[in-house]
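Chain residues, written in single-letter form:
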Amino acid sequence: MPFTVPDLPYAYDALEPTIDKETMTLHHDKHHAAYVNNLNAAIEKHPELAGKSVEELIKNLNAVPEDIRGAVRNNGGGHINHSMFWTIMGPNAGGDPKGALSDAIKSTFGDVETFKTQFNDAGVKQFGSGWAWLVFTADGKLQITSTPNQDNPMSAGQYPVMGNDVWEHAYYLKYQNRRPDYLKAWWNVVNWDAVAKRFDAGKK
Ligand SMILES: [Fe+2]
């Protein structure tokens, strides 16, 4: 099988109390695993795609054969989105960004609090399932966006610096219908060092 679920880089209960162990276990072991299984099943129908990375597939969905394009968009997106998501969170995290990332956020959004508020707002307003993002646009500007379902900004020529999962499976056990509370609390587990690495990679 070409694609596999990466191990969580910390324990399932490491993000408590912000994200509970049961949510992390189901989210990683069941939801992410389902995206990977479905992606592998789709790719199996087209052996010519073997060896392509999920990034390559998602960046150029039009090159994916039409009969599996929807499956790759949804499940390849689910795989790439969650693979990022686990790495940009961590225990003993939170606080504020540092260095060049901090400078860029401040020059774009005014200050970090305003940035967080606008990011949360994008997550709240994303109707139904989806993601809130901080991206580099195609012309290299930082921007807050959201996408439905498992769509990844790479499919639109953008680079995802960070994203928060606003599917109910990400928060429902602990926060029930209170998506805004989850979005606010999530900053406590953001691993800014990991986000800064993505920022540096996206700038290039
Ligand atoms: Fe998710």
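Structure's up top.
Residues numbered from 1 in each chain as written. Predicted model: local features only at pLDDT ≥ 70, side-chain atom pairs only at ≥ 80, totals over all residues. Heavy atoms only, no water.

J.: Teacher, can you tell me more about the overall build of the protein here?
T.: Counting its regular elements, the protein contains eight helices and three strands. When the helices and strands of the protein are listed from N to C terminus, the series reads α-α-α-α-α-β-β-β-α-α-α. Its C-alpha atoms give the protein a radius of gyration of 17 Å, within 12% of the compact-globule value 17 Å for 204 residues. Judged by the C-alpha coordinates and their principal axes, the protein covers about 45 × 40 × 30 Å. For the protein, long-range pairs separated by at least 24 residues make up 66% of all intrachain contacts whose partners lie at least 6 apart in sequence. Total accessible area computed for the protein in this model is approximately 9800 Å², and 50% of it derives from carbon and sulfur atoms. (Helix = DSSP H or I, 4+ residues; strand = E, 2+ residues; numbered from the N terminus. Rg over C-alpha atoms; globule rule 2.2 N^0.38 Å. Contact = heavy atoms within 4.5 Å. Areas by Shrake-Rupley, 256 points an atom, 1.4 Å probe, with all protein chains shown as cover.)

J.: What am I meant to see in the environment of Trp192 here?
T.: Positionally, Trp192 belongs in helix H8 (residues 192–203). The exposure class of Trp192 is buried, given its relative accessible area of 5%. Along the primary structure Trp192 and Lys98 are separated by 94 residues, whereas in three dimensions their C-alpha atoms are 7.6 Å apart. Leaving out residues up to four positions away in the same chain, Trp192 has contacts with Gly94, Gly95, Asp96, Pro97, Leu101, Ile105, Phe115, Lys116, Met162 and Trp187. Of note is the side chain of Trp192, whose polar atom sits 3.0 Å from the backbone oxygen of Gly95. (Buried < 20%, exposed > 50% of the residue type's maximum accessible area, 1.4 Å probe, protein only. Polar contact = N/O pair within 3.5 Å; in protein donor to acceptor, adjacent residues only side chain to side chain.)

J.: In this structure, what is going on with the sheet that holds strand S1 (residues 130–136)? I would like to understand it.
T.: Two pairing modes exist for strands in a sheet, parallel and antiparallel, and in both the strands are linked by backbone hydrogen bonds. Taken in spatial order, the three strands line up as S2-S1-S3 in an open sheet, and their pairing is antiparallel. Of all strands in the sheet, those bounded by a partner on one side alone are strand S2 (142–148) and strand S3 (159–165). Averaged over all adjacent pairs, the angle separating strand axes in this sheet is 25°, with direction ignored. Bridging between S1 and S3 involves six bridges; their strand directions are antiparallel. The residue bridging Val135 from the neighbouring strand is Pro160, located in S3. Those strands touched by helix H4 (residues 99–109) are S1 and S2, and its axis lies near 85° from that of S2. (Pairing = 2+ DSSP bridges. Axes fitted to C-alpha atoms, helices over the stretch in contact; angles between N-to-C directions.)

J.: Which parts of the structure should I look at to understand the coordination of the iron ion?
T.: Working reference: metal with six octahedral donors, ideal angles 90 or 180 degrees; metal with four tetrahedral donors, ideal angle 109.5 degrees. Those protein atoms acting as donors to the iron ion are His27 (NE2), His82 (NE2), Asp165 (OD) and His169 (NE2), and they sit at 1.9 to 2.1 Å. One can describe the donor arrangement at the iron ion as irregular, given that its four donor atoms subtend angles of 91 to 137° at the metal. (Donors = N, O, S within 2.8 Å, 3.2 Å for Na, K, Ca; no water. Tetrahedral: all angles 85-135°; square planar, octahedral: opposite > 155°, others 65-115°.)

J.: Hey, could you run me through the nonpolar core in this one?
T.: In a soluble, globular protein the nonpolar side chains are often hidden away together inside. Ranked by internal contacts, the top residues of the largest apolar core, which has 44 residues, are Met89, Phe115, Phe119, Leu134, Met162, Trp186 and Trp192. It is S1 that provides the largest number of residues to this core, a total of six residues. (Core = buried A, V, L, I, M, F, W, Y, C linked by side-chain atoms within 4.5 Å.)

J.: When you look at the pattern of salt bridges in this model, what are you seeing that I'm missing?
T.: A side chain with one charge may pair with a side chain of the opposite charge, provided their charged atoms come close. A full pass over the atoms with the stated rule returns five salt bridges. The salt bridge involving Lys116 is made with Asp96; its shortest N-O contact spans 3.6 Å. With Lys116 in helix H5 (residues 112–125) and Asp96 in the loop between helix H3 (66–87) and H4, this pair connects stretches of sequence that are 20 residues apart. A salt bridge links Lys125 to Asp121; the nearest nitrogen and oxygen atoms lie 2.9 Å apart. Here the residue Lys125 and the residue Asp121 both occupy positions in helix H5, the gap between them amounting to four residues, near one helical turn. Taking the relative accessible area as the measure of exposure, Lys125 reaches 62% and is therefore exposed. Asp121 gets classed as partly exposed once you look at its relative accessible area, which sits at 35%. (Salt bridge = Lys/Arg side-chain N within 4 Å of Asp/Glu carboxyl O.)

J.: For this particular structure, what's the right way to read unusual backbone geometry?
T.: Trans is the prevailing form of peptide bonds, just as negative phi is the prevailing case for residues other than glycine. Of note, the amide linkage connecting Glu16 to Pro17 takes the cis form, showing an omega dihedral of 5°. Notably, Asn92 is not glycine yet its phi reads approximately 50°, a positive angle. Assignment of secondary structure puts Asn92 in the loop between H3 and H4. The phi dihedral of Asn149 falls on the positive side, at around 55°, and the residue is not glycine. Of note, Asn149 is situated in the loop between S2 and S3. A residue is classified by how much of its surface remains accessible, and Asn149, at 38% relative accessible area, is partly exposed.

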